[in-house]
Amino acid sequence: MDPKALQAALRYIESWLGFQLRVLARPGLTLAVTHRQRIVLELGLGEADILKKTPMTAQHQLRIASHSKTFTAVGILKLREQGLLGLDDPAGRHVKGLHADVAKVRLSQLLSHSAGVSRDGPDAGQFQDRHPYLDREQLLQDLARGLAITPNTRFKYSNHGFGLLGLVIEAVTGQRYVDWMAREVVAPAGLEHTLPDRLPGKRTGLAAGHSGRLLLGRRVVIPGDNETRAIAPAGGFVSTAGDVARFYAQLLPTAKKSLLSVDSRRELMRRHAQVPHSSTPSWYGLGVMHGSYQGWDWLGHTGGLQGFVSRSLVLPQQEIAISLLANSLDAFTWPWVDGILQVLQTFDRHGAPTARTRDWTGRWWNLWGATDLVPMGDHVLAVGPALAAPFTDATQLTPTGKDRAVMSQANGYATFGEEVRRVRDAKGQVKELWLGGSLSRPENVVAREMQRRYEG
């Protein structure tokens, strides 16, 4: 993607996400984007704690939950490179005390969620703070119960399966999972703000998590500082968006810096299992999700832990990595990342704004809400920032003069072919935007107008 078009896209992404947080009344988020392994955008929006009114920053850490599975997969592949295990090894070769059927499953099956292991055992209350996360002995007790389904019959997501992979790492290395991962995976990857779990006594800049609003009519703060213990390999990691984006960027075979060999990275990227009964085609590799958005292939992961949801991905062809971490259970991380992809694709098609269109910008309001003018190439798009995919059915404006344009492309229900004009004040600042016969003004002006008209 052209660097100038990318920078223009990133500027709009920051503005649009800020509006999304506001219109949806979500607490906060952090976002990082890398291009060719270099951070090109890193930001925090909203609040890290709604009770303390703490502003969210790019330096805040959040629980990244099931992103931990990618880290665990990288750890297993690193041990394979060292000749200490093989992907075809049965789990029972390394971990004792398993049910006979569980002992036979291969490490590759655990990594690709095709082993048939129970998702969370008979009581998943640890994910609702009803009891502490399982320790090693409790996890082994669950794994002694046997399999939920026959291996290799379908994709079946399993946190317990990745917990078992953590036990494999401990057995092979003779060290605690969190200690070995911190030294052999996190540190070599250059991730300075990442921990394999939230450990007692370990100071972090952890943002607070938050519930949704429906149950109580308000949000409650969920600290999110509990130790996930034996479930850490499946969901314990704590990190920043910047670290997560850097990590996923290293997984590409083309990455110049990576802690894995090119062979291991290709194995990680290979699609091993298709996700059944899914509304959109998707696959799973070894600790990574695979999908496509409007022709752009991606791999990455999502995450959800009490108070936090997240989504990160890397685009192999574009060499772009994106990580979006949010601190409320009702944050729209999946559609927001899809919206980011739509913005990037639109700028990739049209290019950066030209001298003719560059100043056709801003957020304009009327009774019906906000409209953003977004210049790109020789055209300007009038878009709705309240939309999860902001450029859907956007109206295209083609400037014909300094303050005149024509709506050159529009939905049939819009005002195709009509004139667009900007009106300036005595200081030369644009004070009004007319899209056909529809007038929009700055937010504060429209707010006062509504108060006068409807409140007297």
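What you see is a predicted model; the values in this text were computed from it and never measured.

Caption draft 1: Geometry of a nonpolar patch on the surface. Taken together, the side chains of Leu-367, Trp-368, Met-450 and Tyr-454 make up a nonpolar region of the molecular surface, amounting to roughly 540 Å² of accessible area. With respect to the helices and strands, the residue Leu-367 is situated in the loop between strand S14 (362-366) and strand S15 (369-376).

Caption draft 2: Structural view of the pattern of salt bridges. The tally for this structure, following the rule as stated, stands at 26 salt bridges. Salt-bridge contacts for Glu-184 lead to Lys-78; the nearest nitrogen and oxygen are separated by 3.6 Å. Highlighted residues: Glu-184 in helix H7 (residues 177-186) and Lys-78 in helix H2 (residues 68-81), separated in sequence by 106 residues. Among the ionic contacts, a cluster of salt bridges with common partners joins Asp-359, Asp-403, Arg-422 and Arg-424.

Caption draft 3: Here's a closer look at the sheet that holds strand S12 (residues 308-315). As summarised here, the arrangement of the nine strands in space is S3-S2-S1-S13-S12-S11-S10-S9-S8, forming an open sheet in which the pairing is antiparallel. The outermost strands of the open sheet, each flanked by one partner alone, are strand S3 (54-55) and strand S8 (273-274). Pairing of strand S2 (residues 38-49) with S3 involves two bridges; the strand directions are antiparallel. Each bridged residue has a counterpart across the sheet, and for Glu-47 the counterpart in S3 is Pro-55. Sheet contacts for helix H9 (residues 241-249): strand S1 (28-35), S2, strand S11 (296-305), S12 and strand S13 (320-326); angle to S1, the most-contacted strand, approximately 35°.

Caption draft 4: Representation of empty space enclosed by the protein in the model. Taken as a whole and assessed by the stated rule, the structure comprises one cavity of 30 Å³ or more. Of the volumes computed, that of the largest cavity is approximately 40 Å³. Lining the largest cavity are Gln-109, Leu-110, His-113, Ala-115, Gly-116, Val-117, Lys-156, Ser-158, Gly-161 and Phe-162. For the lining of the largest cavity, the secondary structure elements donating two or more residues are helix H4 (107-111) and helix H6 (159-173). Across the lining of the largest cavity, the residue classes break down as four nonpolar, five polar and one charged.

Caption draft 5: Quick peek at the sheet that holds S15. Spatially, eight strands are ordered S14-S15-S16-S17-S18-S19-S20-S21 in an open sheet, and the strand pairing comes out antiparallel. Lying at the two open borders of the sheet, with one neighbouring strand each, are S14 and strand S21 (438-440). Pairs of neighbouring strands in the sheet enclose a mean axial angle of 30°, with direction left out of account. Two elements, strand S18 (residues 404-409) and strand S19 (residues 419-424), share three bridges in a ladder whose sense is antiparallel. Bridging from a neighbouring strand, Arg-404 pairs with Arg-421 of S19.

Caption draft 6: The arrangement of the pairing of strand S10 (residues 289-293) in detail. Of all five residues in S10, four are buried; the element is thus mostly enclosed. By the bridge criterion, two bridges tie strand S9 (residues 283-284) to S10 in an arrangement that is antiparallel. Within S10, the residue paired with Tyr-284 across the bridge is Met-289. Between S9 and S10, which pair antiparallel one after the other, the connecting turn spans four residues, and Gly-287 there sits at a positive phi close to 75°. As paired strands, S10 and S11 are joined by five bridges and run antiparallel to one another. Considered in S11, the bridge of His-290 is made with Leu-299.

Caption draft 7: Summary view of the layout of surface pockets. The volume enclosed by the largest pocket comes to roughly 560 Å³. What lines the largest pocket is a set of 23 residues, among which Thr-371, Ala-382, Thr-395, Ala-414 and Leu-435 lie closest to the centre. Among the secondary structure elements, those contributing two or more residues to the lining of the largest pocket are S15, strand S16 (379-383), strand S17 (395-399) and S21. If you tally residues by element for the lining of the largest pocket, the top one is S15, at three residues.

Caption draft 8: Quick peek at helix H5 (residues 136-143). What H5 keeps buried is the set Leu-139, Leu-140, Asp-142 and Leu-143. Down the axis of H5, the buried set is contained in an arc of 160°. They therefore lie on one face. For H5, the secondary structure elements touched by its buried residues are helix H3 (100-104) and H6. Structurally, the start of H5 carries an N-cap: the backbone nitrogen of Glu-137 is 3.2 Å from a side-chain oxygen of Asp-135.

Caption draft 9: Fine view of helix H11 (residues 333-350). For H11, which comprises 18 residues, the first-to-last C-alpha distance of 26 Å matches the rise-based estimate of 26 Å (1.5 Å per residue) to within 8%. Burial runs high along H11: 13 of the 18 residues are buried. Count one or two residues on from H11 and you reach Gly-351, which has phi positive near 90°.

Caption draft 10: Representation of the packing of aromatic side chains within the structure. One pass over the structure, following the stated rule, counts ten aromatic pairs. Between Phe-127 and Tyr-133, the aromatic rings sit 5.5 Å apart at their centres with planes inclined by 90°, giving edge-to-face as the arrangement. Its relative accessible area of 23% is what places Phe-127 among the partly exposed residues. Summarising the aromatic geometry, the rings of Phe-332 and Trp-336 are spaced 6.3 Å apart at their centres and angled 50° between planes, so their arrangement reads as tilted. Given the relative accessible area of 33%, Phe-332 is considered partly exposed. Above the face of the Phe-162 ring, Lys-69 is positioned so that its terminal group lies 5.9 Å from the ring centre.

Basis of the calculations
- Residues numbered from 1 in each chain as written.
- Predicted model: local features only at pLDDT ≥ 70, side-chain atom pairs only at ≥ 80, totals over all residues.
- Heavy atoms only, no water.
- Patch = residues over 30% accessible without salt bridge, like charges linked within 9 Å, V, L, I, M, F, W, Y side chains within 5 Å.
- Areas by Shrake-Rupley, 256 points an atom, 1.4 Å probe, with all protein chains shown as cover.
- Salt bridge = Lys/Arg side-chain N within 4 Å of Asp/Glu carboxyl O.
- Helix = DSSP H or I, 4+ residues; strand = E, 2+ residues; numbered from the N terminus.
- Pairing = 2+ DSSP bridges.
- Contact = heavy atoms within 4.5 Å.
- Axes fitted to C-alpha atoms, helices over the stretch in contact; angles between N-to-C directions.
- 1 Å grid on protein atoms, 1.4 Å probe; cavity = no way out; pocket = protein on both sides within 12 Å on 5 of 7 lines; lining within 4 Å.
- Points joined across faces, edges and corners; volume = space filled by probe spheres on them.
- Nonpolar A, V, L, I, M, F, W, Y, C, P; charged D, E, K, R; others polar.
- Buried < 20%, exposed > 50% of the residue type's maximum accessible area, 1.4 Å probe, protein only.
- Arc of directions from axis to C-beta.
- Polar contact = N/O pair within 3.5 Å; in protein donor to acceptor, adjacent residues only side chain to side chain.
- Expected span 1.5 Å × (residues − 1).
- Phe/Tyr/Trp six-rings, centres within 6.5 Å; stacked < 30°, edge-to-face > 60°.
- Lys NZ or Arg CZ within 6 Å of the ring centre and 35° of its normal.

None of this, on its own, says anything about what the molecule does.
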